[in-house]
Amino acid sequence: MKPPAPYENAVTFQFGDSPELADELLALVLSGAKTATCGALRDFDEKEPVPEPGRRDVVLDGRGRPACAIETLSIVIQRFDEVDEAFALAEGEGPYDVWRAEHIAYFDRNGGYAPDLLLVCERFRVVEVFEREAD
C-alpha cells in the first residue's frame, strides 16, 4: 500500500523488528507517549537514510500499511552507553533500566550489541495520522 499524497516519495519504515512490536511502538507514537527513537548507525542505507531535521517519513503499521507521517526535529549520533535517561524516557517504552535492557536485546537480535555501538537518536513529531481499515 502506497503512502497518501504528499508522502508518495517519503522514506517508509516500521518501528521494531516484528509486526507485533511495530504495532506496539506505533500505538505509543499515536498516543503521544513516544516522541523519540533510535537505531544503529550501521543499519541505515540508501533505502532508509539517516534522518535529517525537517524530513518527513511515513511510519507503517505491523501489516505494512501507512499509519502516520512524522517530522524529524533533531538527530544526535552517539554511543549506546552515552544515551541519557531523558532520551530513553522520550522513547516512551518504560523506565531507563527497562529501555536499556530491551534495546540491548533488540540490538543483539539485529546485528550485535556493544556499549560503544553508534546510535542515530532522533526526536520527532507526528504531523499527520492516516486512516486505515479496521483489523
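Conventions adopted
- Residues numbered from 1 in each chain as written.
- Predicted model: local features only at pLDDT ≥ 70, side-chain atom pairs only at ≥ 80, totals over all residues.
- Heavy atoms only, no water.
- Pairing = 2+ DSSP bridges.
- Helix = DSSP H or I, 4+ residues; strand = E, 2+ residues; numbered from the N terminus.
- Contact = heavy atoms within 4.5 Å.
- Axes fitted to C-alpha atoms, helices over the stretch in contact; angles between N-to-C directions.
- UniProt positions renumbered as here; feature names shortened; annotations may be inferred.
- Buried < 20%, exposed > 50% of the residue type's maximum accessible area, 1.4 Å probe, protein only.
- 1 Å grid on protein atoms, 1.4 Å probe; cavity = no way out; pocket = protein on both sides within 12 Å on 5 of 7 lines; lining within 4 Å.
- Points joined across faces, edges and corners; volume = space filled by probe spheres on them.
- Phe/Tyr/Trp six-rings, centres within 6.5 Å; stacked < 30°, edge-to-face > 60°.

1. Thoughts on the sheet that holds strand β3 (residues 56–60)
Note on sheets: strands pair through backbone hydrogen bonds, and any given pair is parallel or antiparallel.
And then number 1: In spatial order, the strands read β1-β3-β4-β5-β2; together these five strands make up an open sheet with mixed pairing. Strands with a single pairing partner mark the edges of an open sheet, and in this sheet they are β1 (12–13) and β2 (36–40).
And then number 2: The sheet contacts of helix α1 (residues 19–31) involve β3, β4 (66–79) and β5 (118–129), and relative to β4 the element is tilted by about 95 degrees.
And then number 3: The strands that helix α3 (residues 96–109) touches are β2 and β5; relative to β2, the one it contacts most, it runs at about 35 degrees.

2. Considering unusual backbone geometry
And then number 1: Cis peptide bonds are those with omega within 30 degrees of zero, and the linkage from Ala 5 to Pro 6 qualifies with 5 degrees.
And then number 2: Summarising the element assignment, Pro 6 is placed in the segment before β1.

3. What to know about the UniProt feature "domain: ASCH" (unreviewed entry) in the protein chain
And then number 1: Sites flagged by UniProt as "domain: ASCH" (unreviewed entry) map to residues 13–128.
And then number 2: In residues 13–128, the share of helix is 28% and the share of strand is 31%. The end C-alpha atoms are 15 Å apart.

4. Digging into the pairing of β5
And then number 1: Of the strand pairs in this sheet, β2 and β5 are connected by five bridges, and their pairing is antiparallel. Looking at β5, one finds that Gly 39 is bridged to Val 120.
And then number 2: Pairing analysis gives eleven bridges linking β4 to β5, with the strands arranged antiparallel. Considered in β5, the bridge of Gln 78 is made with Leu 119.

5. Looking at the pairing of β2
Note on strand geometry: in a regular strand, side chains alternate between the two faces of the sheet.
And then number 1: Of all five residues that make up β2, five are buried, and the element is covered over most of its length.
And then number 2: Side chains of β2 alternate between two faces, with Ala 36, Cys 38 and Ala 40 and Thr 37 and Gly 39 buried alike.

6. Focus on the layout of surface pockets
And then number 1: Approximately 790 Å³ is the volume found for the largest pocket.
And then number 2: Taken together, 36 residues form the lining of the largest pocket, with Gln 14, Phe 15, Gly 16, Cys 38 and Tyr 106 sitting closest to its centre.
And then number 3: Sorting the residues of the lining of the largest pocket by element identifies β1, α1, β2, β3, α3 and β5 as the ones contributing at least two each.

7. A word on the packing of aromatic side chains
The geometry of two aromatic rings is summed up by the distance between their centres and the angle between their planes.
And then number 1: One pass over the full model with this rule turns up eight aromatic pairs.
And then number 2: Between the aromatic rings of Phe 13 and Phe 15, the centroid separation amounts to 5.0 Å while the plane-to-plane angle is 80 degrees, which identifies the pairing as edge-to-face. Of the two residues, Phe 13 and Phe 15, both sit in the buried class.
And then number 3: Their ring planes at 35 degrees and their centres at 6.2 Å tell us that Phe 15 and Phe 124 sit as a pair that is tilted. Pair noted here: Phe 15 is in the loop between β1 and α1 and Phe 124 is in strand β5, with a separation of 109 residues, a long-range link.
And then number 4: What makes Phe 124 buried here is its relative accessible area of 3%.
And then number 5: Feature note: the residues Phe 80, Tyr 96, Trp 99, Tyr 106, Phe 107 and Tyr 113 constitute an aromatic cluster, connected by ring pairs.

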